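One-letter residues, chain by chain:
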Amino acid sequence: QKEVEQDPGPLSVPEGAIVSLNCTYSNSAFQYFMWYRQYSRKGPELLMYTYSSGNKEDGRFTAQVDKSSKYISLFIRDSQPSDSATYLCAMSAGYYGGSQGNLIFGKGTKLSVKP
Amino acid sequence: NAGVTQTPKFQVLKTGQSMTLQCAQDMNHNSMYWYRQDPGMGLRLIYYSASEGTTDKGEVPNGYNVSRLNKREFSLRLESAAPSQTSVYFCASSGGGGALNTQYFGPGTRLTVL
């Protein structure tokens, strides 16, 4: 079993839809959870950062962490064509540099929002 | 403030040739990383440097060497390129203001080995 599992999609939705992206993980030591967005032929950019369980909201984006189920989600409300990208989940056990602080990435879900 | 910069953006090599990928960051970050990204494989860590003067192997280090030249610069060297090293290479850094484990990525280098 991979440490982090993420459905690669592709996921295609109409403009204005609510999008749900998910990752599951196996390492109970993970405490820090991130979502990165990667546009085609660009580097990943940080979208959301959460610590431990709970929800965090930033504009149209909500990140949710359920440590008891080892499951994280990213919700996008009122999706726009500009949200079309690959979304990567990432997580780590530690906060500082070094092996514990290294990020483990999911393989990414490719999202397409159609006008 | 350029963030993380990588050179070159594109490169084509023949099998057996060598090259060095350059990475620099201007965010005063302590930690730097090299990843490769292949279709269906996601981002895989090649090497990382937790702080200036240290380097460690990641998930896929074979065929690569790294040098942490100073706090700003972290280079990746392919001594004898192989077609299996055709990939997109990303450099990242972390450890400045804000969450210390948040990584910031460069634009990538697209490498083709013939």
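Attention in this report is confined to the structure presented alongside it. (Residues numbered from 1 in each chain as written. Chains lettered and ligands numbered in written order. Predicted model: local features only at pLDDT ≥ 70, side-chain atom pairs only at ≥ 80, totals over all residues. Heavy atoms only, no water.)

This brings us to the side chain of S73 of chain A. All names here are of chain A. Secondary-structure assignment places S73 in strand 8 (residues 71–76). For S73, the side chain forms a polar contact with the side chain of N22, separated by 3.0 Å. Dropping the residues within four chain positions of it, S73 is found in contact with L21, N22, W35, T62, A63 and Q64. (Helix = DSSP H or I, 4+ residues; strand = E, 2+ residues; numbered from the N terminus. Polar contact = N/O pair within 3.5 Å; in protein donor to acceptor, adjacent residues only side chain to side chain. Contact = heavy atoms within 4.5 Å.)

Next up on the list: unusual backbone geometry. A cis amide bond links G9 of chain A to the next residue, P10 of chain A, at an omega of 5°. Inspection of the secondary structure puts P10 of chain A in the loop between strand 1 (4–6) and strand 2 (11–14). The residue after T7 of chain B, namely P8 of chain B, is reached through a cis peptide bond having omega -5°. Checked against the element boundaries, P8 of chain B lands in the loop between strand 1 (4–7) and strand 2 (10–13). Here the phi dihedral of K70 of chain A falls at roughly 55°; this positive angle occurs in a residue that is not glycine. Relative to the helices and strands, K70 of chain A resides in the loop between strand 7 (61–66) and strand 8. Positive phi, normally seen in glycine, also occurs at D78 of chain A, with a value near 45°. One can find D78 of chain A in the loop between strand 8 and strand 9 (85–92). Its relative accessible area of 43% is what places D78 of chain A among the partly exposed residues. (Buried < 20%, exposed > 50% of the residue type's maximum accessible area, 1.4 Å probe, protein only.)

What follows concerns the pattern of salt bridges. All chains considered together, the criterion is met by six salt bridges over all chains. E45 of chain A is the partner of R37 of chain A in a salt bridge, and the nearest nitrogen-oxygen pair spans 3.1 Å. On the basis of relative accessible area, R37 of chain A is assigned to the buried category, the value being 15%. Linking D38 of chain B and R44 of chain B is a salt bridge whose minimum nitrogen-to-oxygen distance equals 2.9 Å. The two residues D38 of chain B and R44 of chain B agree in class, both being buried. Within this structure, R36, D38 and R44 of chain B form a network of salt bridges that share partners. (Salt bridge = Lys/Arg side-chain N within 4 Å of Asp/Glu carboxyl O.)

A few words now on the nonpolar core. A general trend in soluble globular proteins is that nonpolar side chains are found buried together. Ranked by size, the top nonpolar core spans 25 residues in total, and within it W35, I72, L74, Y87 and M91 of chain A carry the most contacts. Sorting the residues of this core by element identifies strand 3 (19–25), strand 4 (32–38), strand 5 (45–51), strand 7, strand 8, strand 9 and strand 11 (109–114) of chain A as the ones contributing at least two each. Here L74 of chain A is in contact with V19, S20, L21, W35, L47, M48, F61, T62, A63 and Y87 of chain A, once residues within four sequence places are set aside. Listed in part, the 20 residues of the second largest apolar core include L13, Y47, F74 and V113 of chain B. (Core = buried A, V, L, I, M, F, W, Y, C linked by side-chain atoms within 4.5 Å.)

Turning our eyes to something else, we now look at the sheet that holds strand 1 of chain B. Residues and elements named next belong to chain B. Here four strands make up an open sheet; going across it, the order is 1-3-8-7 and the pairing antiparallel. The open sheet is flanked by strand 1 and strand 7 (64–68), the only strands paired with a single partner. Averaged over all pairs of adjacent strands, the angle between their axes in this sheet comes to 20°, without regard to strand direction. Examined bridge by bridge, strand 1 and strand 3 (residues 19–25) share four bridges and lie antiparallel to one another. When the bridges of strand 3 are listed, Q6 appears paired with C23. (Pairing = 2+ DSSP bridges. Axes fitted to C-alpha atoms, helices over the stretch in contact; angles between N-to-C directions.)

Now for the sheet that holds strand 6 (residues 54–58) of chain A. Neighbouring strands of a sheet are bound in pairs by backbone hydrogen bonds; such pairs are parallel or else antiparallel. Residues and elements named next belong to chain A. If you walk across this open sheet you meet the five strands as 1-3-8-7-6, and the pairing is antiparallel. The strands lining the two open edges of the sheet, one partner per strand, are strand 1 and strand 6. Direction aside, neighbouring strands of the sheet carry axes that sit 15° apart on average. Looking at chain direction, strand 1 and strand 3 are connected through three bridges and run antiparallel. Bridging across to strand 3, V4 finds its partner in Y25.

Another aspect to go through is the state of the cysteines. Residue and element names in this part refer to chain A. Applying the stated criterion across every chain yields a total of two disulfides over all chains. Through a disulfide, C23 is tied to C89; the S-S separation comes to 2.0 Å. Because the sign of the S-S torsion sets the handedness, a value of about -100° for the bond joining C23 and C89 places this disulfide among the left-handed ones. Here C89 lies in strand 9 and C23 lies in strand 3, a separation of 66 residues in the sequence. Considered together, C23 and C89 belong to a single accessibility category, that of buried residues. (Disulfide = S-S within 2.5 Å.)

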